Amino acid sequence: MKRFGLKKVFSTAVILTMLLGANPTAGSASADDRIFNDMPNTGNVFADMATQINYFKDDGDIQNESTVRALKMHLSAVNQFQKTGQTDKVIQHMQGFKQLLDNQRNNGVLSEVAFDVLNTYAQYVTGKIEGPFDADIAMEHVKRLSVDIGPREAGTQGEREGAEYIESVLKSYGYETAIEEAPRSNRIEPKLKIISNNNNKGIPVRAASGSPQTSADGITRNVYQAGVGQANEFTEDANDNIALIQNGVIPVSEKVKNAMAAGAKGVIIYDNIERYTLPSISLSGVSSTIPVAGITKKDGEALLAEISAGNLEAQLSIQTLTNQKTINVIATKKPQGIENPEIYYIGAHLDSVPYGPGASDNASGSSTLLELARIFKDYDGDKELRFAAFGGEELGFVGSRYHIGNLTQDEVDRTKVQFQIDMVGTAWVPGSQLYINTVDGKSNLVVESTHQAADDLAISKNLLPLHMLSRSDHVPFHEKGVPSALFIWMEPGTPPGAAYIEPYYHSLEDTIEHVSPARIQLTGDVVFKAISNLIGYEKNSEKNEETSLLLAS
């Protein structure tokens, strides 16, 4: 998703930490900031639910011990049924568990967040058994995209590898696929490599605003430790080398001036605060003649340790790349013998922010799209399905605007809906509701079909509120008159136009560890059912018993 602010919540310490840009979860264990912890995911959903119940009791989201005992006793019974393969009893008793949650919430002893989270886990159990959508398969795609491939900034090799992977999966399901390349703006590409001892290790780095460029090869020099960059911290050893400087104490402009005066050929500024993101550094106040870039506190301190152990050689480059392209992958399933069929879009963006692994944003959405494509591959009705993995969403919907802008008016007229799936796997506890976002905040066919699907699946509508938000690839479809909506997990009470989302958003910590299979499962279940109702898909959805038994280990 495109960037917007996090809600400032809870204790004064946490609020100040977030305002100052520090990592609010680092080393946290107190009740004040436990709310930032993730939904547990150990592989045993019943144990995870029991752990979450304990957290909610400690945080005051469950008001008394009798409620804790009742919930755990119910889970224990369901767990036993699961272990013995009595899936009919698992379904029956999980419905009873949902009713227990509803009663406890109505009695005021269970908070809305606790209700939403535990209800989501309950749907995970029933969805894994009853529905065709399999979050475990989706999580394998999340791993491939965010761990094996990693950052997928629009126009980079990472994005291309992500697109190639998505296309290969869609092709394996029998879809007709097409690759679209949409022009994107020029981008600055900084690189920092440690080359001592043939290491060639890359470190995430952000170019300072106003930094001069380098050649393609950059500069390769030893790294000199220059403290916080005061004049007296530079010796003659800084000459012709790269200065490593901690942020803070004096302005960046002074640090760079002192480095240039000492003959340094480049500057690396490492953060003085623990946070998830790379520091933003501005060269306002100095006309630098040498490249300047920023890295995290963690990486800076690691470089200091290497310097202490001996000489450290690094390569720093900053270049502006032109003629850049971002990539769309479009997969189509056309009905046989039907001219001009209705078109139904399922979309997700495949790109991430620079250096962000993009597990939640948006490997979770791309992987949900792939799992939905697996299910619908056998559809043989009279509608046309299009699965669209868009590039360049983080730049302002570049890929989706390009795609819909190149459709014929007839294709636009025949397009009945667009479901946009974005950040549907966050494990962040407060992000406990799957918001259905339309650009104007008004209900449309996507919203109506999803709420009907929730009724059909006995999923609480409390989990699926209508909201107004225009921060993803549903926007270009809305602008063309297509009923569209964005699905994203956010915190209850999010006001129109805002999005209260995970603290890992657009950061180096947007990793697979912060993705919840339970939330992906609920998303997949409800979107699958909504689309099935719209297109008349009636394939038997029973699952293999062996798959259902994977719920408990």
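Scroll up to find the structure this text is about.
Chains are numbered independently. Their residues run from 1 in the order of the written sequence. Given that the model is predicted, a residue must reach a pLDDT of at least 70 before its local features are reported, and side-chain atom pairs must reach 80 or more before they are shown or counted; all residues, however, enter totals for whole chains, interfaces and linings. Only hydrogens and water are set aside; all other atoms, that is, all heavy atoms of the structure, feed into the side-chain values.

Some details on the overall build of the chain
Consideration 1: Helix numbers and strand numbers start at the N terminus; a helix is a DSSP run of H or I with at least 4 residues, a strand a run of E with at least 2. Scanning the chain for helices and strands turns up 16 helices and 16 strands.
Consideration 2: The globule rule is 2.2 Å times the number of residues to the power 0.38, and the radius of gyration it is compared with is taken over C-alpha atoms. For the chain, whose C-alpha radius of gyration is 25 Å, the value lies close to the compact-globule estimate of 24 Å for 553 residues.
Consideration 3: Seen along its three principal axes, the alpha-carbon backbone of the chain occupies a region of about 75 × 60 × 40 Å.
Consideration 4: Each residue gets one of three labels from its accessible area relative to the maximum for its type: buried under 20%, exposed over 50%, partly exposed in between, using a 1.4 Å probe on protein chains only. Residues counted as buried form 58% of the 553 residues belonging to the chain.
Consideration 5: Contacts in the chain between residues far apart in sequence, at least 24 positions, make up 79% of those at least 6 positions apart. Should any heavy atoms of two residues lie within 4.5 Å, those residues are considered in contact.

Let's talk about the nonpolar core
Consideration 1: Judged by nonpolar contacts, the single largest core of 91 residues is most densely connected at Leu71, Met94, Ile166, Leu372, Phe376 and Phe387.
Consideration 2: When neighbours within four sequence positions are excluded, Ile166 is seen to be in contact with Leu145, Val329, Leu350, Ser366, Leu370 and Ala389.
Consideration 3: Working definition of a nonpolar core: buried Ala, Val, Leu, Ile, Met, Phe, Trp, Tyr and Cys residues. They are joined through side-chain atoms within 4.5 Å. Ranked by size, the runner-up nonpolar core spans 19 residues in total, among them Val256, Ile269, Val286 and Ile290.

Quick notes on unusual backbone geometry
Trans is the prevailing form of peptide bonds, just as negative phi is the prevailing case for residues other than glycine.
Consideration 1: Cis geometry marks the peptide bond from Asp361 to Asn362; its omega dihedral reads 10°.
Consideration 2: With respect to the helices and strands, the residue Asn362 is situated in helix H10 (residues 359–376).
Consideration 3: Of note in the backbone geometry, Tyr355 takes a positive phi value of approximately 70° without being a glycine.
Consideration 4: We classify Tyr355 as partly exposed; its relative accessible area is 27%.
Consideration 5: Notably, Phe397 is not glycine yet its phi reads approximately 65°, a positive angle.
Consideration 6: With respect to the helices and strands, Phe397 occurs in the loop between strand S12 (384–390) and helix H11 (398–405).
Consideration 7: We classify Phe397 as buried; its relative accessible area is 7%.

Concerning the layout of surface pockets
Consideration 1: Cavity and pocket criteria rest on a 1 Å grid covering protein atoms alone: a 1.4 Å probe that fits but cannot get out defines a cavity, protein on both sides within 12 Å along at least 5 of 7 lines defines an open pocket, and an atom within 4 Å of a point defines a lining residue. Grid points are joined across faces, edges and corners, and a volume is the space filled by probe spheres set on the points. Of the volumes computed, that of the largest pocket is approximately 1000 Å³.
Consideration 2: Those elements giving two or more residues to the lining of the largest pocket turn out to be helix H7 (157–172), strand S2 (187–194) and strand S4 (206–207).
Consideration 3: Here the residues of the lining of the largest pocket are counted per class, giving 18 nonpolar, 13 polar and 12 charged. Each residue receives one of three labels: charged for Asp, Glu, Lys and Arg, nonpolar for Ala, Val, Leu, Ile, Met, Phe, Trp, Tyr, Cys and Pro, and polar for the others, Gly being one of them.

Points about the sheet that holds strand S9 (residues 313–321)
Hydrogen bonds between backbone atoms are what pair the strands of a sheet, whose relative direction is either parallel or antiparallel.
Consideration 1: Here, a strand pair is defined by DSSP locating no fewer than two bridges between the strands. The 8 strands lie next to each other as S3-S2-S9-S5-S6-S7-S8-S4, forming an open sheet whose pairing is mixed. Each end of this open sheet is capped by a strand with a single partner; those strands are strand S3 (201–202) and S4.
Consideration 2: For strand S5 (residues 219–225) and strand S6 (residues 242–246), the ladder comprises 3 bridges, and the chain directions are parallel. Across the sheet, the residue bridging to Gln225 is Leu244, located in S6.

Here's the deal with the environment of Asn323
Consideration 1: Tracing the backbone through its elements, the reader meets Asn323 in the loop between S9 and strand S10 (324–333).
Consideration 2: When the C-alpha positions of Asn323 and Thr120 are compared, they lie 45 Å apart, and in sequence the two are 203 residues distant.

Focus: the packing of aromatic side chains
Consideration 1: When the centres of two rings from Phe, Tyr and Trp lie within 6.5 Å, Trp using its six-membered ring, the rings pair. Their planes under 30 degrees apart give stacked, over 60 give edge-to-face, and anything left gives tilted. Applying the stated rule across the entire model yields 10 aromatic pairs.
Consideration 2: Their ring planes at 85° and their centres at 5.9 Å tell us that Phe528 and Tyr537 sit as a pair that is edge-to-face.
Consideration 3: Ring pairs connect the aromatic residues Phe376, Tyr379, Phe528 and Tyr537, which therefore count as one cluster.
Consideration 4: One Lys or Arg, Arg105, reaches over the ring of Phe115 and ends 3.9 Å from the middle of that ring.
Consideration 5: In this analysis the charged atom, NZ for Lys or CZ for Arg, is taken to sit over a ring once it is within 6 Å of the ring centre and within 35 degrees of the ring normal. The ring of Trp489 carries Arg519 above its face, with NZ or CZ at 5.2 Å from the centroid.

A short note on H10
Consideration 1: By this rule, a helix spans an expected 1.5 Å times one less than how many residues it contains. Here H10 is 18 residues long and its end C-alpha atoms lie 24 Å apart, about the 26 Å a rise of 1.5 Å per residue gives.
Consideration 2: Most of H10 is tucked away, with 17 of its 18 residues classed as buried.

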